[in-house]
Each structure stands twice: as structure tokens, then as C-alpha cells.
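If you want the building blocks of each chain, they are given just below.
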Amino acid sequence: MKISILTATYNRAKYLTKLYESLVQNIGQDYDIEWLIMDDGSTDDTQQICQKFKSQNHLNIKFYKQENQGKMQAINNLSKFVTGDIWIELDSDDYFIPNALKIIAEKSAVLEQENNLYAIVFLRYEDGDNISGNYFPLENEDTTMFDLYFKHKVTGEKTLVYKTEIRKKYNYIIEDGEKFCTEARLQHKMDLDYKIRCYNQALVKGDYLTDGYTKNIKKIFLESPKGHYEYFKEMFIHDMKGVKFNKRLYAVKHLILFSYLTKKGIVFNKK
């Protein structure tokens, strides 16, 4: 099995070493690793750091550079270079725990065996050894990312391991003039055609940086209203049976908000 790790990075050179070292620590005999890095127009020494990693010849590292277009377009641009059987997207401040890739390789066998699955999903740590959000109520059962968060009360960030053959059929949809869209928009599109399977194991650690997406979500909302308008509009394509009232209210309120910010009408897409 070959595992592809995709990292979009912008002026995060000082954080990349920890991720690199965790990949080296996770080298195994039963799988290959390729690390694809897209430098999204950094002005620090990101390129020099990555060339240093490459020169050590521990990993198959593919380094690319683009003008600043944002994380999602960076991943879109990396996608054509992916050659692994499975695909994991990690930020520059994330890193794997020991034996994480061994566990992922073993669990990913189900992606080869079952055509209806587009990903397996794991927990992740934040701020040390704390689990981000909560545990999955449905372990080792097929579900969707939409149902997890809107019907089963799952919270927090998770780690998705995509089946490359399916993931390559999709791209992050970035609206004109914007640089960001929520990963959930892509995942919800995949949910319409495929399923996921969850495991209550945390394999990735990460910290929320002061300039990261999570801590700047309000600013990002204002800078990418078109994408969020489409996201909340598309939400109503899904089966809303079983979605709690507070979640429906959340979706409706945000659709109204972004319809105002984009000066577009309120449209409820229905399947």
C-alpha cells in the first residue's frame, strides 16, 4: 500500500520539521509514503527547509510552489500528482503519533474491499492529549460526514483517510475571488454518492495557531461569503430527517446571513 500525505503550507517553515520527523518515525515495511507539499507563495525559508528534508533521502518528498491562492486551491493543484492508494491531508502544524501510519494502512484495507466507502475517519488530538470534540457514537459502521455532525451530535475536528480513486473525482469548489471553502462542502458532496467508516482512535496531533483557520473563523466567514452561501444552500440537498431543530436553525440562520452578505436570494436546494 502507498500512502500519500498532502500538505499545503504558507509561511510555516518552523512547524514543518515536527511533521517531517513524525513521518520518518512512521516509516514501515508494509507501506510506502509520499509527502506532497505545496508552498502557497511563502516568503520565509519553506523551500530551503523542504529541500533539506529531501536531501536526507528518508522519504519520497514532492515539493511544489504556487502563487498564493489559498489552502484549498493548493490541495486541488497537488491532487494531480498523487500516486498513493490512500490520501491524507495534514496541515503544516499537524503531526502523526508513533505507529499511526501502520494503523491507517491496516484499517484502510476496508477501502479496497468495499466500493461504497470514500474514506475512513479517525479522531485527532488537540492541545496535547485532549481529543478534539467527542467520540463517534457509530464505530465501525457506515455513515456520512453530514449525518455524523448533523444527526449524531459529533463535534470537533477529525482525520479523514480518503480512497484516492474516489477522492480524485472531486475538487474543493472555490467561488470566484475567494481563497477558502470549508472541507465539509466537499465531504457533503461525496456523502451523496458514498459512505465513510469511523474508528475511535486518535492518530494525529495538532495545535490551533493564532493565524490558523480555526481561530480566525469569523474573519474567514467574511472573506469567503460566496462559498459559505453555497455550502449552507447545498446542505438542504441532504435528507434532513433526524436533524435536530437546533442544527436546522443553525443552517437556516447561516443561509440567511450569507444570502445577505452576498446579496443573493434565499434558496433551499432540495434533493
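Residues numbered from 1 in each chain as written. Predicted model: local features only at pLDDT ≥ 70, side-chain atom pairs only at ≥ 80, totals over all residues. Heavy atoms only, no water.

Q: Help me out: how do you make sense of helix 11 (residues 245-262) in this one?
A: Residues three or four positions apart in an α-helix share a direction because the helix packs 3.6 residues into each turn. Compared with an ideal rise of 1.5 Å per residue, which puts 18 residues at 26 Å, helix 11 spans 25 Å between its outermost C-alpha atoms and is within 8% of the ideal. Positive backbone phi, at 60 degrees, marks K263, one or two positions downstream of helix 11. (Helix = DSSP H or I, 4+ residues; strand = E, 2+ residues; numbered from the N terminus. Expected span 1.5 Å × (residues − 1).)

Q: Please clarify how unusual backbone geometry should be interpreted in this entry.
A: Negative phi characterises most residues that are not glycine, and trans characterises most peptide bonds. The phi dihedral of N57 falls on the positive side, at around 60 degrees, and the residue is not glycine. Mapped onto the fold, N57 is located in the loop between helix 2 (46-55) and strand 3 (60-66). For D127, which is not a glycine, the phi torsion comes out positive at approximately 50 degrees.

Q: Honestly, the pattern of salt bridges in this entry has me stumped. Any pointers?
A: The full count for this structure, using the stated rule, is 18 salt bridges. K2 is paired through a salt bridge with E34; the nearest N and O atoms lie 3.6 Å apart. Highlighted residues: K2 in strand 1 (residues 2-9) and E34 in strand 2 (residues 32-40), separated in sequence by 32 residues. By relative accessible area, which is 21% here, K2 ends up partly exposed. A salt bridge links R185 to E234, with the shortest nitrogen-to-oxygen separation between them at 2.8 Å. Note that R185 is positioned in helix 8 (residues 183-191) and E234 in helix 10 (residues 225-234), a separation of 49 residues in sequence. In this structure R185 comes out as buried when scored by relative accessible area, which is 5%. (Salt bridge = Lys/Arg side-chain N within 4 Å of Asp/Glu carboxyl O. Buried < 20%, exposed > 50% of the residue type's maximum accessible area, 1.4 Å probe, protein only.)

Q: Quick question: what am I supposed to make of the packing of aromatic side chains here?
A: To describe a pair of aromatic rings, one takes the distance between the centres and the angle between the planes. Scanning the entire structure with this criterion turns up 10 aromatic pairs. Between Y64 and F81 the ring centres are 4.1 Å apart and the planes differ by 10 degrees, which places this aromatic pair in the stacked class. On the criterion of sequence distance, the pair formed by Y64 in strand 3 and F81 in the loop between helix 3 (71-79) and strand 4 (86-89) is long-range, its members being 17 residues apart. A relative accessible area of 28% means that F81 is categorised as partly exposed. Feature note: the residues Y231, F232, Y250 and F258 constitute an aromatic cluster, connected by ring pairs. Directly above the aromatic system of Y172 lies the positively charged group of R167, at a separation of 5.1 Å from the ring centroid. (Phe/Tyr/Trp six-rings, centres within 6.5 Å; stacked < 30°, edge-to-face > 60°. Lys NZ or Arg CZ within 6 Å of the ring centre and 35° of its normal.)

Q: Is there a simple way to explain the layout of surface pockets in this structure?
A: Picture a little ball the size of a water molecule; that probe, rolled over the atoms, points out where space is still empty. Estimated volume of the second largest pocket: approximately 180 Å³. Residue lining of the second largest pocket: 11 residues in total, with T144, D147, D191, H238 and D239 positioned closest to the centre. Here the lining of the second largest pocket is composed, by residue class, of 3 nonpolar, 2 polar and 6 charged. (1 Å grid on protein atoms, 1.4 Å probe; cavity = no way out; pocket = protein on both sides within 12 Å on 5 of 7 lines; lining within 4 Å. Points joined across faces, edges and corners; volume = space filled by probe spheres on them. Nonpolar A, V, L, I, M, F, W, Y, C, P; charged D, E, K, R; others polar.)

Q: I would appreciate a short explanation of the nonpolar core in the present structure.
A: In summary, soluble globular proteins display a tendency toward joint burial of nonpolar side chains. With 84 residues, the main nonpolar core has I5, W35, F96, L101 and Y118 as its most contacted residues. Those residues within four positions of L101 in sequence are excluded, and the remaining contacts are I3, I5, L23, N26, Y31, I33, I88 and F96. (Core = buried A, V, L, I, M, F, W, Y, C linked by side-chain atoms within 4.5 Å. Contact = heavy atoms within 4.5 Å.)

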